[in-house]
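Structural features, examined
As a plain string of letters, each chain reads:
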Amino acid sequence: MNGDGHGAGGELHARRWWVLMVLALAQLMVVLDATVVNIALPHAQHALGFSNGARQWVVTAYSLAFGSLLLLGGRLADVFGRKRLFLTGVIGFATASAVGGASVDFPMLVAARTIQGAFGALLAPAALSLLSTTFTHADERGKAFGIYGGIAAAGSSVGLLLGGVLTQYLSWRYTMYVNDVIAIAAVAGGVALLPAHSAEDREPIDRRGTLLACLSLFAIVYGFAHAATKAGSAGWIDPQTIGFLTVGVLLLGLFFVVERRASHPLLPPRVIVDRNRGGAYAAMFLASVGLFGVFLFLTYYLETVLHYSPVTTGLAFLPMTGMVMLTAGLASSVLMYRVSPRLLVPAGLLVAAAGLLYLRGIGLQSHYVTAVLPALLMVAVGLGLVFAPCFSLGTLGVAGGDSGVASATVNVAQQIGGSIGTALLNSIATSAAATYVSAHVHTTHSATMLTALSAIHSYVVAFTVSAGIFVGAAVLIAIMLRPGVVDLGANAELEAAMIHA
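Residues numbered from 1 in each chain as written. Predicted model: local features only at pLDDT ≥ 70, side-chain atom pairs only at ≥ 80, totals over all residues. Heavy atoms only, no water.

**Description of the overall build of the protein chain**
Along the backbone of the protein chain there are 17 helices and zero strands. Burial statistics for the protein chain: of 501 residues in total, 58% are counted as buried. Contacts in the protein chain between residues far apart in sequence, at least 24 positions, make up 85% of those at least 6 positions apart. Entry remark: accessible area of the protein chain is about 18600 Å², with carbon and sulfur atoms responsible for 69%. (Helix = DSSP H or I, 4+ residues; strand = E, 2+ residues; numbered from the N terminus. Buried < 20%, exposed > 50% of the residue type's maximum accessible area, 1.4 Å probe, protein only. Contact = heavy atoms within 4.5 Å. Areas by Shrake-Rupley, 256 points an atom, 1.4 Å probe, with all protein chains shown as cover.)

**Re the layout of surface pockets**
For the second largest pocket, the calculated volume is near 420 Å³. Lining the second largest pocket are 16 residues; nearest its centre among them are F256, Y281, T409, V412 and A413. For the lining of the second largest pocket, the elements supplying multiple residues, two or more each, are α7 (207-227), α9 (239-261), α11 (275-305) and α16 (403-440). Of the residues in the lining of the second largest pocket, the class split is 14 nonpolar, two polar and no charged. (1 Å grid on protein atoms, 1.4 Å probe; cavity = no way out; pocket = protein on both sides within 12 Å on 5 of 7 lines; lining within 4 Å. Points joined across faces, edges and corners; volume = space filled by probe spheres on them. Nonpolar A, V, L, I, M, F, W, Y, C, P; charged D, E, K, R; others polar.)

**Structural notes on the packing of aromatic side chains**
A full pass over the atoms with the stated rule returns ten aromatic pairs. Taking 6.1 Å as the distance between ring centres and 40° as the angle between the ring planes, the aromatic pair formed by F297 and Y459 counts as tilted. Here Y459 lies in helix α17 (residues 447-480) and F297 lies in helix α11, a separation of 162 residues in the sequence. For Y459, a relative accessible area of 7% translates into the label buried. Linked through ring pairs, Y62, F66 and F93 together constitute an aromatic cluster. (Phe/Tyr/Trp six-rings, centres within 6.5 Å; stacked < 30°, edge-to-face > 60°.)

**Side note on the confidence of the model for the protein chain**
Taken as a whole, the protein chain shows an average pLDDT of 81; of its residues, 87% reach a score of 70 or greater. This stretch, residues 1-9, has a pLDDT under 50; its non-local contacts, to residues over four places away or in other chains, come to 16 contacts. (pLDDT = per-residue confidence, 0-100.)

**Brief notes about the nonpolar core**
By size, the foremost hydrophobic cluster in this structure holds 131 residues, and its most contacted members are L71, F86, L131, L298, Y301, M320 and L349. Tallying contributions element by element places α11 first for this core, with 17 residues. Setting aside its immediate chain neighbours within four residues, L71 contacts A213, L217, F255, L266, V405, A408, T409 and V412. Listed in part, the eleven residues of the second largest apolar core include V37, A44, L48 and L109. (Core = buried A, V, L, I, M, F, W, Y, C linked by side-chain atoms within 4.5 Å.)

Rendered as structure tokens:
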């Protein structure tokens, strides 16, 4: 251990903040991709000539690969080296992005998105694991995770702005090519700054656990994605949805049974049984379920009801981006040293819920400054108090050989939560819109007016349900997390040997 107590060797200590910049760039690339592509989808559909029914597979293909392979990616980082997996993930992600941007037909685009998801599953846990093993000193861990968590929480809104600018002024293809620009910087920085891989005895991969984890997560993500392809409750009672979700849950249960008996488990039970880590994973999962309502339905409202352009819509989310990063930094560098996460995280969920409830006041002629901006700022404050502490808690106190899979579990919680939120809230919104139209079809409203009013009603219902999810999550997380201020130096023993760095 280095005498200054700031990491594995003075050289790494001297460049640690540059390492943070590299890791944050890579994380931004992965998070951006979720929303930057969504903005461009209608334009890609027009250029490549695929149907509305096929359009959702551009998003689903990425989610299936990313979500089902995350745990494996985390364990591979622990076994084969985090730097190696990080660089492989960045290069693979960038290559797939270039192929996607050059797509000449729909199958080529979907294949590229699938490969993006697979390499993202290598990249995301390796990056978070490297952050955990680089910043082990309590005084700096909070600041580093605050910056990283802020970028993770704000990346989606940045993606909306960037996607709007690129699509409106260049082409939908540049929403894919932009990843290559980011990747060049991340690879150059990673090669120069990340510590070299050190040879070490490697534990064998748990093959049964790997197969069960990948198949169960694939089935669950696919089941929820399939439910979202049909309006209202039709998707949920569809035999294919029920079958995949049932199989996914059964396989997931079998996975945990197998892991308890495995000599070298893919996800060691010791990683998730800790109350703080388990609470962090649960908070990330539930916050991601509710978060979907903010970005998707508010984007629909701004563009289809208030008739904002893609760029203006992106700019509308910019204050949220700044507030998330500010709050995340404050939460990790100041509040976590003074306030128990048992109070901090539930408080963030409740503030976010209040912001969503504020959006119940939107209408046909609402003004952004009075009807939307206050809600965005409240949600941003709430998310900053949730995401940054949870990124830190989810990787705190694990042994060096488990940091990759602990990091992957944070990402799995976020990814699966987002998939569930996509299907659940979209179904609720479409049902609410249909119910509103049926109840008001005989009024004097024109067809155009009725459509707009039904859309607003569906968004309000979605915001309300999302707020309810946040409130329920606050109660559950307050029970799960341990009382008292956490010791952010719990990973300090990792300084002795940067295992597989």
